[in-house]
Each structure stands twice: as structure tokens, then as C-alpha cells.
Amino acid sequence: MADRPVLIVDGLNLFMRHFVVNPAMSDAGQHVGGFVGFLKGLWHLCDRVGPHKVIVVWESGGSPRRRAIFKEYKNRRRPQKLNRYYLNDIPDTLGNRDSQVTLIIEALRHTPVSQIYVPDCEADDVIGYVIRNMCKEDKFVIVSSDKDYYQLLSKRVIQWSPGQKKYITPKTLIERYGISAVNFCTARCFIGDKSDALPGVGRAGFTSLSKRFDELSRNDFFSVEDLIASASEKIEKKSLKIYENILENASIAKRNWRLMYLDTKNLSADQINRIDYSMQNISPSGSKIALLRLLLREGINNFDVDSFYVSITSCTRSTNDE
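Residues numbered from 1 in each chain as written. Predicted model: local features only at pLDDT ≥ 70, side-chain atom pairs only at ≥ 80, totals over all residues. Heavy atoms only, no water.

Taking strand neighbours across the sheet as the criterion, the six strands line up as β3-β2-β1-β4-β5-β6 in an open arrangement whose pairing is mixed. Across the chains shown, the open sheet's two edge strands, defined by having one partner strand only, are β3 (114-117) and β6 (166-168). Between one strand axis and the next, the sheet turns by 25° as a mean value, whatever way the strands run. Judged from the four bridges that link them, strand β1 (residues 6-10) and strand β4 (residues 140-143) form a sheet pairing that is parallel. Among the inter-strand pairings, Ile8 is bridged to a residue of β4, identified as Ile142. The sheet strands contacting helix α1 (residues 11-19) are β1, β2 (53-58) and β4, and the helix crosses β1 at an angle near 65°. Along the sheet, helix α2 (residues 33-49) makes contact with β1, β2, β4, β5 (157-161) and β6, crossing β1 at roughly 155°. (Pairing = 2+ DSSP bridges. Helix = DSSP H or I, 4+ residues; strand = E, 2+ residues; numbered from the N terminus. Axes fitted to C-alpha atoms, helices over the stretch in contact; angles between N-to-C directions. Contact = heavy atoms within 4.5 Å.)

Right, here's the structure in full:
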């Protein structure tokens, strides 16, 4: 295991944060804030974390397996609002977004950054598989604001939240939610996830669950079935609405586990093979000149390529060269 961690980035999550707030424009008058902000964010993360490897994982349209389980999964997501001011018209948000993501992918090909894209596969499934099944000895820093990754946190895995601008660790979860990392997914199965259109159980929140089920704060795994059984025992001693709701809606929590837990069940054999191949066979190499040409072609002059490139290449240099 390398002393320095692997920086593994939920690409679309990091991009969208910059896309909606960064007003940078190209010489041709195109909005490029998502592109510039993403590269700057990656640059500063490399300086902060000092990884020995950087992997960017791209979302690819959602999980058909999850939609087969629950057809409403992620169906109610609203379009991103652009938190910036334009003198004339707001640009074609969807088209501009896609073109900037494509440009980032092209730009990163000229850097020593690995990229993984698997059709019909969500980024959290890829990241969960890499951490839990492929690189069991490596340390990781996950870059995302998504709570779906909290279940992966451990002594060797932490998360950097671009929104909160801080690290999320197992200790953070105990202090903020009263729930351990190993049981975080269990709790969320009862709470639900509005961002993914997943309903939960009435009156179930982090505070109420941690108060009524102190097993969730421990480092021993406490499953959805364990919590339901515990509620059945507790309601005999004290009748509370939350216990009643848990027992009446047990099927919802069990379904949510199938949707929320990051394991191989939501990955096909072909998708696993693609992830394995990407991790084992892609050895990225950089070309600063090619990156400079790309930026000149796009009319992007407000980016310090030299400093960015020094940061990326120095961090991702082989540990054998140090």
C-alpha cells in the first residue's frame, strides 16, 4: 500500500458544482466555467491531497438495474439552475454542459490522470467496486458531495466534499449524525433520498434513528433486517409511531437497500470487466504542449497551464521515482 492516497473523483459531481457558479467565458463568448473550474479544482486537490494516482470516474446515464427495481428512481431530478448573470441570453444549458464535459475528457487525456467510463453505470457503483474489490490495501480520498459514498468511509477511505470544503470521515458521521459509516446505508434506507426520488419511512431521520437504535452508532454492522426486528421488539415495550411506521413500511427499506448499497449486484459482468480493464491496462501519460493547443483552440486564456501541469505531474509521479 502506497503511503500517499489515490484521489478518486466523481467527475460529473465535481463538474456540476463549477458549471452552475463559475462565469468564465472563452474568447468566442462561450461559457467555459465548468471546464476551467473543474481543472482548477483538480489542481488544488492534488496540491492538498498529494495523491500517487488520480482517477476520474464519469457518470453514464444512470443504472437500468436500479430502474428495474424502482421505476421512479431519479425520475424527478430538476434541471440545474445557473447561479450566474448574463447580459443577454442564458446559453443552451444542456448542450453547453455536455460540450464542456466532452472538453474536460479530451483535456485530461493530455495529463497523467486515469479516466473510467462504463456505459449504463453510475459513478458511485464504479468507485464502490474499485475501493471494495480491486484496491483493498490502498488509501483513498473520494471527491464528491454525494452522501452515497459515506458507506465507504473507513480508516483508509475519507471523502472531500467540494460543497462543504472539508473532509468527511467516520468520526464526522458520528459527530454530525450519530451513525457509524458501516451502518450509514442502513439508516438511509429508512430515511430515503429525495435527490434520487426514493421515499423513506415516516418520522425516520438521522436524529430519531440514532436515538431509538443506538446500534447504528456502533462499528458492528446492523442490517435493515436487524433494525426491523429491533423495532418489533421495542414496540412491545413502548408504542411509538416510528416503530409502527418501520414495521408497516419494511418493504420500502428493504427495496432501498437494493438501490443504495454499493456492491456488485447493480453491475453486470461486462461492466465489471470494463472497470477491471480500465484499472489494469490504462497507463495515462501527459503532454503539456497538446493541452496548450487545446486551450488555444477553444479560446481559453484564463488558465495557468504551467502551474496546473506541474501540480498534476508531480503528484502522480510513480512512487518509485521519488
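And the narrative resumes.
This brings us to unusual backbone geometry. Most peptide bonds adopt trans geometry, and most residues besides glycine take a negative phi value. Backbone geometry at Lys165 places phi at a positive 55°, although glycine is not the residue there. Along the chain, Lys165 turns up in the loop between β5 and β6. Among the residues examined, Lys165 registers a relative accessible area of 54% and is labelled exposed. (Buried < 20%, exposed > 50% of the residue type's maximum accessible area, 1.4 Å probe, protein only.)

Bringing the packing of aromatic side chains into the picture now. Following the criterion strictly, the structure yields 13 aromatic pairs and no others. Look at Phe213 and Tyr243: their rings are 5.9 Å apart centre to centre, the planes differ by 75°, and that puts the pair in the edge-to-face class. With Phe213 in the loop between α8 (206-212) and α9 (224-237) and Tyr243 in helix α10 (residues 241-248), this pair connects stretches of sequence that are 30 residues apart. Taken together, the aromatic side chains of Tyr150, Tyr177, Phe184 and Phe206 make up a single cluster linked through ring pairs. Across from the ring centre of Phe70, 4.0 Å away, lies the NZ or CZ of Arg255, which sits over that ring. (Phe/Tyr/Trp six-rings, centres within 6.5 Å; stacked < 30°, edge-to-face > 60°. Lys NZ or Arg CZ within 6 Å of the ring centre and 35° of its normal.)

Attention shifts here to the pairing of β5. Of all five residues that make up β5, four are buried, and the element is covered over most of its length. As defined by bridge partners, β4 adjoins β5 across four bridges and the pair is classed as parallel. Looking at β5, one finds that Phe140 is bridged to Val157. In this structure, the hairpin formed by β5 and β6 is closed by a connection of four residues, where Lys165 is found at a positive phi of approximately 55°.

This next bit is on the environment of Tyr129. With respect to the helices and strands, Tyr129 occurs in helix α5 (residues 123-134). For Tyr129, a relative accessible area of 10% corresponds to the buried category. Sequence separation of Tyr129 and Val201 is 72 residues, and the distance between their C-alpha atoms is 28 Å. Excluding residues that lie within four positions of it along the chain, Tyr129 makes contacts with Met134, Thr264, Leu267, Ile272, Ile275 and Asp276.

Another aspect to go through is the nonpolar core. The biggest cluster of nonpolar side chains holds 58 residues, and the ones touching the most others in it are Phe190, Leu209, Phe213 and Ile246. If you tally residues by element for this core, the top one is α5, at six residues. In this structure Ile246 touches Phe190, Val201, Leu209, Phe213, Leu227, Ile228 and Ala231, once residues within four positions along its chain are discounted. Counting 40 residues, the second largest nonpolar core, distinct from the first, contains Met16, Phe35, Leu45 and Cys315. (Core = buried A, V, L, I, M, F, W, Y, C linked by side-chain atoms within 4.5 Å.)

This part is about helix α7 (residues 184-191). Along α7, seven of the eight residues are buried, which leaves the element largely enclosed by surrounding structure. Of all the residues in α7, the buried ones are Phe184, Cys185, Thr186, Ala187, Arg188, Cys189 and Phe190. Buried residues along α7 sit against α6 (170-177), α8, α9, α10 and α11 (250-260). Gly192 occupies a position one or two residues after α7 and carries a positive phi of about 85°.

Inspection of the secondary structure assignment puts His18 in helix α1. Accessibility expressed as a relative area gives 17% for His18, which makes it buried. Not counting residues within four places of it along the chain, the set of residues in contact with His18 comprises Gly33, Gly34, Gly37, Phe38 and Gly41.

The next thing to look at is the state of the cysteines. Counted by the stated rule, this structure contains zero disulfides. For Cys185, which is in no disulfide, the shortest distance to another cysteine sulfur is to Cys189 and amounts to 4.3 Å. Note on Cys185: relative accessible area 5%, which makes it buried. (Disulfide = S-S within 2.5 Å.)

All right, on to the confidence of the model for the protein chain then. Averaged over all residues, the pLDDT of the protein chain equals 92, while 92% of them reach at least 70. Low pLDDT, under 50, characterises residues 318-322; the predicted model gives this stretch five contacts beyond four residues in sequence or across chains. (pLDDT = per-residue confidence, 0-100.)

Now for the pattern of salt bridges. Under the defined criterion, the tally for this structure stands at 14 salt bridges. Ionic pairing is found between Arg188 and Asp193, a salt bridge with its closest N-O pair at 2.9 Å. Of the two residues examined, Arg188 and Asp193, each falls in the buried class. (Salt bridge = Lys/Arg side-chain N within 4 Å of Asp/Glu carboxyl O.)

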